[in-house]
Amino acid sequence: SRHHFIMDETLKSSVLMSPGKTTIQCGEDVKRDDRALSIRSKNGDILIDATHGRIKIQAKNIEFVAKSDRPEEGNIEFRSDNDFEVTKCRDFVVNSTRNARIDAQNLLGLKSHKQMHFITSLFKGVSAITLGKGGITDKKLGDL
């Protein structure tokens, strides 16, 4: 009774219940670049939840795509209670068609072991260099 598959026409739902491990294995007779497994939802969210575990995604390439014709949709958001870390990659590239911003509440560190390039047509900034004798200069960022 703890391991069952229910197809309920009244509730219009299906449930696969497994008290132990569940494995879906497919793709043995599929060509390398063909789709072997699809999970589709015409309406509603898709939730993958591992409350007391980790979620690992492993593939030759991983692509996240969010599309919508509505301006408030089509976004990808990462939220973490602690660290968001990229531990190793060859190149880390961000291409933005509008704005790119990094905001740190305490410390923002940029470190390069070779060179650092800043290329822009306009550079505005405030730093410790702009401190006056009595503290922060009275100039506003737009005046600099």
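Quick look at the structure, then.

Brief notes about unusual backbone geometry
Phase 1: In this model, lysine 12 sits at a positive phi of 50°, which is unusual for a non-glycine residue.
Phase 2: As for its placement among the helices and strands, lysine 12 is situated in the loop between β1 (4-8) and β2 (13-17).

Let's talk about the pattern of salt bridges
Phase 1: The final tally for this structure, using the stated rule, is four salt bridges.
Phase 2: Across the pair aspartate 33 and lysine 60 runs a salt bridge whose closest N-O atoms are separated by 2.8 Å. With aspartate 33 in the loop between β2 and β3 (131-132) and lysine 60 in the loop between β2 and β3, the pair connects residues that are 27 residues apart, well separated along the chain.
Phase 3: For aspartate 33, a relative accessible area of 65% translates into the label exposed.
Phase 4: Judged by relative accessible area, which is 55%, lysine 60 ranks as exposed.

Some remarks on the packing of aromatic side chains
Phase 1: Inspection of the entire model under this criterion finds two aromatic pairs.
Phase 2: Between phenylalanine 64 and phenylalanine 78, the aromatic rings sit 6.2 Å apart at their centres with planes inclined by 90°, giving edge-to-face as the arrangement. In this pair, phenylalanine 64 sits in the loop between β2 and β3 while phenylalanine 78 sits in the loop between β2 and β3, placing the two residues 14 residues apart along the sequence.
Phase 3: Note on phenylalanine 64: relative accessible area 53%, which makes it exposed.
Phase 4: With a relative accessible area of 54%, phenylalanine 78 lands in the exposed category.
Phase 5: Both rings, one in phenylalanine 78 and one in phenylalanine 84, keep their centres 5.5 Å apart while their planes meet at 50°; by these two values the pair is tilted.
Phase 6: Put simply, the rings of Phe64, Phe78 and Phe84 pair up and form one aromatic cluster.

Cut-off values and rules
- Residues numbered from 1 in each chain as written.
- Predicted model: local features only at pLDDT ≥ 70, side-chain atom pairs only at ≥ 80, totals over all residues.
- Heavy atoms only, no water.
- Helix = DSSP H or I, 4+ residues; strand = E, 2+ residues; numbered from the N terminus.
- Salt bridge = Lys/Arg side-chain N within 4 Å of Asp/Glu carboxyl O.
- Buried < 20%, exposed > 50% of the residue type's maximum accessible area, 1.4 Å probe, protein only.
- Phe/Tyr/Trp six-rings, centres within 6.5 Å; stacked < 30°, edge-to-face > 60°.

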